[in-house]
Amino acid sequence: MAVAERLVVERASKTFGGGELTVFADLDLAVRDQESVCVLGPSGCGKTTLLRAMHGLVGLDEGRIVVDGSVVLRPRSNVAMVFQHFGLMPWKSVTANVAYGLELAGVARQEIAERVTRYVELVGLKGFERSYPHTLSGGMQQRVGLARALAMEPDILLMDEPFGSLDAQTREILQDELLSILQITGVRGGRAPATMVFITHSIEEAIALGDRIVVLSARPARIRETISVDIPRPRTVASVIAHPRFVELRDRCWRLLRERTA
Amino acid sequence: MTVGEAQRAAGTRAGALAAARRRRLRLDLGDWGVRIGSVLFVLAVWEFVAPRFNPLIIRPPTHIFRAFGELIANGELQEALGQSLREFSGGLVIALTLGILLGIASGRYRFVYNAIDPLVSALYSVPSVALVPLIAVAFKFQGDAPRIATVALFAIFPILINTQQGVRNVDRGLLEVAKAFNTSERRLWTDVIIPSAVPFLLAGVRLAIGRALIGMIVSEFLVGLVGLGYLIIVYENVFRIDRMFVPVIVVATMGIVLMGLVQWIEGRVAPWTRREQ
Ligand SMILES: Nc1ncnc2c1ncn2[C@@H]1O[C@H](COP(=O)(O)OP(=O)(O)OP(=O)(O)O)[C@@H](O)[C@H]1O
Ligand SMILES: [Mg+2]
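Residues numbered from 1 in each chain as written. Chains lettered and ligands numbered in written order. Predicted model: local features only at pLDDT ≥ 70, side-chain atom pairs only at ≥ 80, totals over all residues. Heavy atoms only, no water.

Next up on the list: the overall build of chain A. A count of helical and extended segments in chain A gives eight helices and 10 strands. Seen along its three principal axes, the alpha-carbon backbone of chain A occupies a region of about 55 × 45 × 40 Å. In chain A, which comprises 262 residues, the proportion classed as buried is 53%. Taking all contacts inside chain A whose residues are at least 6 apart in sequence as the whole, residues at least 24 apart take part in 69%. Accessible surface computed for chain A: about 11,100 Å², of which carbon and sulfur atoms make up 50%. Across chain A, the mean location of the 32 positive side-chain charges is 2 Å away from that of the 31 negative side-chain charges. (Helix = DSSP H or I, 4+ residues; strand = E, 2+ residues; numbered from the N terminus. Buried < 20%, exposed > 50% of the residue type's maximum accessible area, 1.4 Å probe, protein only. Contact = heavy atoms within 4.5 Å. Areas by Shrake-Rupley, 256 points an atom, 1.4 Å probe, with all protein chains shown as cover. Lys, Arg positive; Asp, Glu negative; His and termini not counted. Charge placed at Lys NZ, Arg CZ, Asp CG, Glu CD.)

Another aspect to go through is the site of ligand 1. Residues and elements named next belong to chain A. Ligand 1 sits among 14 residues. The nearest are Gly46, Lys47, Thr48, Thr49 and Arg219. One of the side-chain N or O atoms of threonine 48 is found 2.6 Å from an oxygen atom in ligand 1. Within the contact set of ligand 1, an oxygen atom lies 2.8 Å away from a side-chain nitrogen or oxygen of arginine 219. The fraction of the free accessible surface of ligand 1 (640 Å²) that becomes covered by protein chains is 63%. (Near = heavy atom within 4 Å. Polar contact = N/O pair within 3.5 Å; in protein donor to acceptor, adjacent residues only side chain to side chain.)

By definition of the ideal shapes, a tetrahedral metal site with four donors has angles of 109.5 degrees and an octahedral site with six donors has angles of 90 or 180 degrees. Residues and elements named next belong to chain A. Donor atoms from the polypeptide that coordinate the magnesium ion (ligand 2) comprise Thr48 (OG1) and Gln84 (OE1), at 1.9 to 2.5 Å from the metal. In this pair, threonine 48 sits in helix α1 (residues 47–54) while glutamine 84 sits in the loop between β6 (79–82) and α2 (94–104), placing the two residues 36 residues apart along the sequence. Given a relative accessible area of 28%, threonine 48 falls into the partly exposed group. Assessed through its relative accessible area of 32%, glutamine 84 is described here as partly exposed. (Donors = N, O, S within 2.8 Å, 3.2 Å for Na, K, Ca; no water.)

With 100 residues, the main nonpolar core has Met54(A), Leu158(A), Leu178(A), Ile207(A) and Ile213(A) as its most contacted residues. Excluding residues that lie within four positions of it along the chain, Ile213(A) makes contacts with Cys38(A), Leu40(A), Ala206(A), Ile207(A), Glu225(A), Thr226(A), Ile227(A), Val229(A) and Cys253(A). Among the nonpolar cores identified, the runner-up in size contains 39 residues, and Ala80(B), Leu92(B), Ala155(B) and Ile217(B) belong to it. (Core = buried A, V, L, I, M, F, W, Y, C linked by side-chain atoms within 4.5 Å.)

Turning to the domain arrangement of chain B, a few remarks are in order. Residue and element names in this part refer to chain B. According to the domain assignment, chain B consists of domain 1 (1–52) and domain 2 (59–276). Using only C-alpha atoms to locate each centre, domain 1 and domain 2 end up separated by 29 Å. Listed by partner, the interface residues are five residues for domain 1 and seven residues for domain 2. Remark: the boundary between domain 1 and domain 2 carries zero salt bridges. (Domains from an automatic or database assignment. Salt bridge = Lys/Arg side-chain N within 4 Å of Asp/Glu carboxyl O.)

Hydrogen bonds between backbone groups are what pair the strands of a sheet, and the pairing can be parallel or antiparallel. All names here are of chain A. The strand order across the open sheet built from six strands is β6-β7-β8-β3-β9-β10, with neighbouring strands paired in mixed fashion. Either end of the sheet is taken by a strand with one partner, and the two such strands are β6 and β10 (223–228). Direction aside, the axes of adjacent strands within the sheet are offset by 15 degrees on average. For β6 and strand β7 (residues 156–160), the ladder comprises four bridges, and the chain directions are parallel. The residue bridging methionine 81 from the neighbouring strand is leucine 158, located in β7. The sheet strands contacting helix α8 (residues 246–258) are β3 (36–40), β9 (212–216) and β10, and the helix crosses β10 at an angle near 175 degrees. (Pairing = 2+ DSSP bridges. Axes fitted to C-alpha atoms, helices over the stretch in contact; angles between N-to-C directions.)

Residues and elements named next belong to chain A. Taken in spatial order, the four strands line up as β2-β1-β4-β5 in an open sheet, and their pairing is antiparallel. Among the strands making up the open sheet, the edge pair consists of β2 (21–32) and β5 (70–71). Examined bridge by bridge, strand β1 (residues 5–16) and β2 share eight bridges and lie antiparallel to one another. Counted as the bridge partner of lysine 14 is phenylalanine 24 from β2. Across the sheet, α1 lies against β1, β2 and β4 (62–67), angled at about 55 degrees from β2, the strand it touches most.

The following block contains the structure:
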């Protein structure tokens, strides 16, 4: 498909409480096919709400969101989400949690079993198939959340601060693994890597994972600036941090986040 | 690389689990030792103290034990127990069915909630005993029906209210996950709502068992004198305190066994709620 723009946000505004709280206003954003866009913004500025709108989980007050040429009204099966709070069902084993989205999408039993095996292994959880979430560490739980989304073999991955609640070390390991997973083309049945929107409030994470970084202001969120991350792939967190452009990019993001809205 | 790590982790984890299981077993044995020891201690003190009092007021455990044998030998205990169990199980089944259905409906649908909430609050705050005569009249004092209805009345509220809370307290995050993966309404119930309500429901059942036993005895006192309640009254009236204690102990044992059973089921079906280590 020759779609240059996979996901487009057009003049989107969202309020809560009957207009009392404006979460974001007049937002424009276009994500190209296979591009990885990180959305960076202060806590509580409306990042989760924006991502939920992209998946059709909340409606907009104004504007629209278009995926593959049609307006998003409800979640679609070629888009998968990874949640800030992991969102695992405590009563389902790792296998059942990973199979969940596939079952709902009506994928054949045999195919579900194969994909579960493949993606559980890919996120490094082989041997834990029968474990329940409450017996796993936070990092391992989010690996399950990641496998559940990847198993859908989605065209678009929506990631809501997936590593935000993990300790620094685990977070870096998972960032590296995500980088390498996204670089494997075989992951999605031989198709090209997914398009990704990745929400974070960590500057380092945004630089490491993004082709572009969209910096949001405090609420009501507006786009302060869009920064291209001109660090070549394949990347690892260490190679990104060691890259000569890193410090400059970090300082620029940092200044944008610190500056008061004019 | 990560796969190797994970496998190694799985190996050490299996070892750790086995060790934890051994540790838990030892703990369990210790717990049970203390429990049994405490009961034996009370019985010993009782045995020792009782002969100093009037036998019309208190009898030692050995006498009660003998009375147990007598009541089994003449068949009175079996008959009374059978009668009481019929009322108890009939009432509990009704309470479970109605309580779960109404709990789910009122937890999910605002209309049902508004419709039944005032009634539930009113009936729950009136001491259930006060309603027993009403029930007796309503069922014309006939057969087991008024007693079964009394047991159901005593037991239904904790089940209903807990189920309702369970359904209402479903993690909003999980509802969102289900929506994000395009769940159907039916799968929303089986994947999310029912599993998250089950621990609440079982906690309600545990409370309901105690109340159902009270309802059983109270209805046997007030409506028609039968079953274990009848034995208590009859032997109290003839001052056979040793025999009077027999049905009391049987009811207590029913409570212990049934509540333990539900607790065990809770641990099995909802292991994530168990506080471990
Ligand atoms: N359903 C809702 N009803 C009312 N207000 C809401 C709702 N969801 C979010 N909000 C409000 O909208 C604002 C933005 O919330 P959101 O969760 O999108 O922020 P965020 O940028 O993801 O925050 P964080 O960094 O803490 O994850 C917050 O002030 C929040 O209280
Ligand atoms: Mg958020």
